[in-house]
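# Chains, contacts and geometry: an overview
Chain by chain, the residues run as shown.
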Amino acid sequence: MAPHASFKDRTLIAVIGDEDSITGLLLAGVGHINEHQKKNFLVVDSKTQISTIEAAFQEFTERKDVAILLINQHIAEKIRPTVDRYQQAFPALLEIPSKDHPYDPEKDSVLKRVQKLFGE
């Protein structure tokens, strides 16, 4: 029963996305800064280094207060090997579309795993 105790502490949604996606989610109330001044979001633009995206992905997936990690699919493509290696149930990883990049189910790592599980 110890794992359940840790799940109840996971109350945040973390986001790695472009400016429009982050802005919309912040306006919806997703933004949070903890006591260590750590944000639960990363705004990615054309100047953002791949290493910065990977570091944020690692940080958000290791945090014990994050229940869901949303990442724009076109940004997930930049760190696809890291995203594909992620196998944990919590935080749940969801790839989302952005205004300029529509969702492509062929690239979604979670959907690929589900299809593999069902033998498709």
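Shown above is the structure to which this text applies.
Every chain begins its residue count from 1, and numbering advances along the sequence as written. pLDDT decides what is reported in this predicted model: residues at 70 or higher carry local features, side-chain atom pairs at 80 or more are listed and counted, and totals for whole chains, interfaces and linings draw on all residues regardless. Water and hydrogen atoms were dropped before computing side-chain values, which therefore reflect all heavy atoms in the structure.

This brings us to the pattern of salt bridges. We define a salt bridge as a contact between a side-chain nitrogen of Lys or Arg and a carboxyl oxygen of Asp or Glu at a distance within 4 Å. By the definition in use, this model includes six salt bridges. The shortest N-O distance in the salt bridge between Lys99 and Asp20 comes to 3.0 Å. You can see Lys99 sitting in the loop between β4 (92-96) and α6 (109-117) and its partner Asp20 sitting in helix α2 (residues 19-27), a full 79 residues away along the chain. Burial classes follow relative accessibility: with a 1.4 Å probe on protein chains only, a residue under 20% of its type's maximum area counts as buried, one over 50% as exposed, and anything between as partly exposed. Residue class for Asp20 comes out partly exposed when judged on its relative accessible area of 41%. A salt bridge links Asp65 to Arg63, with the nearest nitrogen and oxygen atoms 2.9 Å apart. What makes Arg63 buried here is its relative accessible area of 10%. Each of Glu77, Arg80, Asp84 and Glu95 takes part in salt bridges that share partners, so that together they form one network. Here a strand is any run of E in DSSP of at least two residues, a helix any run of H or I of at least four, and the numbering for each starts at the N terminus.

Between Phe90 and Pro91 the backbone carries a cis peptide bond, its omega angle lying at -5°. With respect to the helices, strands and loops of the structure, Pro91 is situated in the loop between α5 (80-85) and β4. Although it is not a glycine, Gln37 adopts a positive phi angle of roughly 65°. As for its placement among the helices and strands, Gln37 is situated in the loop between α2 and β2 (41-43).

Spatial relationships are all this shows, so hold off on functional conclusions.
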